[in-house]
Amino acid sequence: MASNISPQEQLKAQTWLIRNFPQLTYDSKFCVTSPVTAVYNCIAWAMGLNDRWVDPAIYIPGHWWPPIPERDLNPDSLVKAFEYMGFIQCPNGNAEPDFDKVALYKKGANWTHAARILMDNEYHSKMGEAWNIHHSSGNIFEDSVYGKIYTYMKRPIKYRYCFDDFLKEEGEIEVKW
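Worth saying up front: this structure is predicted, and the values here are computed from it rather than measured. (Residues numbered from 1 in each chain as written. Predicted model: local features only at pLDDT ≥ 70, side-chain atom pairs only at ≥ 80, totals over all residues. Heavy atoms only, no water.)

## A look at the pairing of strand β9 (residues 148–156)
Where strand β4 (residues 88–90) meets β9, three bridges bridge the pair, whose relative direction is antiparallel. Within β9, the position partnered with Ile-88 by the bridge is Lys-154. (Pairing = 2+ DSSP bridges. Helix = DSSP H or I, 4+ residues; strand = E, 2+ residues; numbered from the N terminus.)

As structure tokens, then:
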């Protein structure tokens, strides 16, 4: 997968990520795919957003949470947030033509991370305020701060663009995939 960052930044990123997520050491598909940005997080990225941080606890400019009653770190709240964006739960993470698919992670009683599932059944994650990465499986974060996948969700690709128009009309967000 191509990257638009320098070889020096790639090495710095890989070193930091492998130190914090040791299983990436053994992932032949692991690569850093973007420079550092704190504009958006993994939840936004998995939803298809790259213009804001999606977080239920933060009320500051540049941060957003869907207008739903659930506003906490309970894993069900994250499912509701993705449902607001047109996703539904599904039984597995196998890629399906014409669907965006995501994996949602939790550790203990809190949700922690979300990743896109690509058509080749590989994953694309945004790592907090840092880089985007490509990795070969969803279980690469087990035994880390991200924990384990607790559910998979999917959305028809055609709805990706419907939400773009809806949210632009609402003045809420700009959707990118």
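## Quick word on the sheet that holds strand β7 (residues 123–126)
Taken together, seven strands build an open sheet; the order of strands is β1-β8-β7-β6-β5-β9-β4 and the sheet is antiparallel. For this open sheet the edge positions go to β1 (31–32) and β4, each flanked by a neighbour on one side alone. Alignment of β7 against strand β8 (residues 132–135), held across four bridges, turns out to be antiparallel. Along β8, the bridge assignment pairs Ser-125 with Ile-133. Each of β4, β5 (99–107), β6 (110–117) and β9 is contacted by helix α3 (residues 75–84), which is oriented at about 15 degrees to β9, the strand it contacts most. (Contact = heavy atoms within 4.5 Å. Axes fitted to C-alpha atoms, helices over the stretch in contact; angles between N-to-C directions.)

## Comments concerning the pattern of salt bridges
For the structure on display, the rule yields six salt bridges. Notably, a salt bridge pairs Arg-155 with Asp-100, separated by 3.1 Å at the nearest N-O pair. Note that Arg-155 is positioned in strand β9 and Asp-100 in strand β5, a separation of 55 residues in sequence. Taken as a pair, Arg-155 and Asp-100 share a single burial class, namely buried. Taken together, the shared-partner salt bridges connect Glu-96, Lys-101 and Lys-154 into one network. (Salt bridge = Lys/Arg side-chain N within 4 Å of Asp/Glu carboxyl O. Buried < 20%, exposed > 50% of the residue type's maximum accessible area, 1.4 Å probe, protein only.)

## Focus on the nonpolar core
Nonpolar side chains in soluble globular proteins tend to be buried together. With 23 residues, the main nonpolar core has Ile-43, Met-47, Val-54, Phe-82 and Leu-104 as its most contacted residues. For this core, the secondary-structure elements that each account for two or more residues are α2 (42–47), α3, β5 and β6. The biggest single contributor to this core is α2, with six residues. Dropping the residues within four chain positions of it, Ile-43 is found in contact with Val-54, Leu-78, Phe-82, Trp-111, His-113 and Ala-114. Core analysis: the next-biggest nonpolar cluster, separate from the first, contains 19 residues, Ala-13, Phe-21, Ala-115 and Phe-141 among them. (Core = buried A, V, L, I, M, F, W, Y, C linked by side-chain atoms within 4.5 Å.)

## Looking at the pairing of β7
Every second residue of β7 is oriented toward a common face, with Tyr-123 and Ser-125 on one face and His-124 and Lys-126 on the other, all of them buried. Summarising the sheet, β6 and β7 pair through three bridges and their orientation is antiparallel. Looking at β7, one finds that Ala-115 is bridged to Ser-125. Linking two consecutive strands that pair antiparallel, namely β7 and β8, is a turn of five residues; a positive phi of about 60 degrees is found at Gly-128 within it.

## Examining the packing of aromatic side chains
Under the definition given, this model contains nine aromatic pairs. With 5.8 Å between their ring centres and 55 degrees between their planes, Trp-16 and Trp-131 make a pair best called tilted. Residue Trp-16 is located in helix α1 (residues 7–20), and its partner Trp-131 is located in the loop between β7 and β8; the two are separated by 115 residues in the primary sequence. Among the residues examined, Trp-16 registers a relative accessible area of 35% and is labelled partly exposed. Cluster of aromatic residues (ring-pair linked, three or more members): Phe-21, Tyr-105, Phe-141 and Tyr-146. The ring of Trp-45 has Arg-116 lying over it, and the distance from NZ or CZ to the ring centre is 3.6 Å. Sitting over the ring of Tyr-40, Lys-126 keeps its end group 5.1 Å from the ring centre. (Phe/Tyr/Trp six-rings, centres within 6.5 Å; stacked < 30°, edge-to-face > 60°. Lys NZ or Arg CZ within 6 Å of the ring centre and 35° of its normal.)

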